Amino acid sequence: MGAEAIRSILMGDVSPSGRAAMTFPKSLGQVPIHHDKLTSCRTEDPKNKYSNRYVDEQNEPLYPFGFGLSYTDFAIEFAGAKIEGREIAVQAKVTNVGKRYAGKEVVQLYVSAPEGQLHKEYQQLAAFEKTALLAPGESELLTLRFDLGKLASYREQDGCFILEQGDYVLRLGNSSRNTFAAAVVTLDYGVIVSKHQRICPMQANMEELSAPARAEEDISGLPHYVMDVTAFKTTVHNYEEPG
């Protein structure tokens, strides 16, 4: 079956639609490298010789997370969003803009969380969906759903997973390095998603190193949605002593 699948792809009978489930580095010196890494204190800037870059290698990976090839091309458009409790449903219109081959596209939804008390990665994968087989010129409307509470981050000082107050930028694309800002969901207040009994609390105060906040992004022209913070109910986890 594997040989037949390879033959079908090489002969053009089937257009590939798989996507990379990890980031592939160009060289060992780039490791560790991944799509949701924390932002660096000195991002790459060709005009600044002191910016964060490799001396003999590019910063870009060989293949980014979510990358994949096809015999055709697709256009992805934001088609609206809806908030249902703590769940966000994002619609994306996908069109096969190629001239010859049919194919399938995998639409990926990433979220950039605000940076407040906690230092955050640039983006997190929130959802993905694959289209049906689309002929040239054919379109399909996909709905990508995710629970915003699943993107909560841990706050060490009180053992809570929290969503910070601010703007959550929704990004659509077909790989982690090929996205566009589609919409913004705003939390007017911070939310404690879950609270955990600290079995092994810190015994001494530690000062965590963190990079400066990310450069501000102009999101004024994007569709804005406000999530009702009362949709979140704090879950409390306590752990019993072993008998």
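Residues numbered from 1 in each chain as written. Predicted model: local features only at pLDDT ≥ 70, side-chain atom pairs only at ≥ 80, totals over all residues. Heavy atoms only, no water.

Chemist: Tell me about the nonpolar core, residues and numbers included.
Modeler: Ranked by size, the top nonpolar core spans 31 residues in total, and within it Phe146, Leu148, Leu163 and Leu170 carry the most contacts. Going through the elements one at a time, strand S1 (74-84), strand S2 (87-96), strand S3 (106-112), strand S5 (139-147), strand S8 (166-175), strand S9 (178-187) and strand S10 (191-196) are the ones with two or more residues in this core. Not counting residues within four places of it along the chain, the set of residues in contact with Leu148 comprises Arg86, Ile88, Leu163, Tyr168, Leu187, Met227 and Phe232. (Core = buried A, V, L, I, M, F, W, Y, C linked by side-chain atoms within 4.5 Å. Buried < 20%, exposed > 50% of the residue type's maximum accessible area, 1.4 Å probe, protein only. Helix = DSSP H or I, 4+ residues; strand = E, 2+ residues; numbered from the N terminus. Contact = heavy atoms within 4.5 Å.)

Chemist: An account of the sheet that holds strand S11 (residues 224-226) is needed here, citing residue identities and associated values.
Modeler: Spatial ordering of the open sheet is given by S4-S3-S8-S9-S11, a layout of five strands whose pairing is mixed. The strands lining the two open edges of the sheet, one partner per strand, are strand S4 (124-130) and S11. The sheet shows a mean angle of 25 degrees between the axes of neighbouring strands, direction not considered. (Pairing = 2+ DSSP bridges. Axes fitted to C-alpha atoms, helices over the stretch in contact; angles between N-to-C directions.)

Chemist: Lay out the packing of aromatic side chains in plain terms, naming residues and giving numbers.
Modeler: The tally for this structure, following the rule as stated, stands at four aromatic pairs. Between the aromatic rings of Phe24 and Tyr63, the centroid separation amounts to 6.3 Å while the plane-to-plane angle is 80 degrees, which identifies the pairing as edge-to-face. Taken together, the residues span a long stretch of sequence, with Phe24 in the loop between helix H1 (2-10) and S1 and Tyr63 in the loop between H1 and S1 at a distance of 39 residues. Under the relative-accessibility criterion, Tyr63 is labelled partly exposed at 39%. Taking 5.6 Å as the distance between ring centres and 40 degrees as the angle between the ring planes, the aromatic pair formed by Tyr71 and Tyr101 counts as tilted. Placement of Tyr71 in the loop between H1 and S1 and of Tyr101 in the loop between S2 and S3 is noted, with a sequence separation of 30 residues between them. Look at Tyr101 and you get partly exposed, because its relative accessible area is 28%. (Phe/Tyr/Trp six-rings, centres within 6.5 Å; stacked < 30°, edge-to-face > 60°.)

Chemist: Explain the sheet that holds strand S12 (residues 235-237) residue by residue, including any values.
Modeler: Reading across from one edge, S6-S7-S10-S12 is the order of the four strands in this open sheet, with mixed pairing throughout. If you trace the sheet from one side to the other, it starts and ends with strand S6 (153-155) and S12, each paired once. Adjacent strand axes in the sheet meet at a mean angle of 30 degrees, parallel and antiparallel pairs treated alike. Direction of pairing for S6 relative to strand S7 (residues 160-163): antiparallel, over a ladder of three bridges. In the sheet register, Tyr154 faces S7, and the bridge partner there is Phe161.

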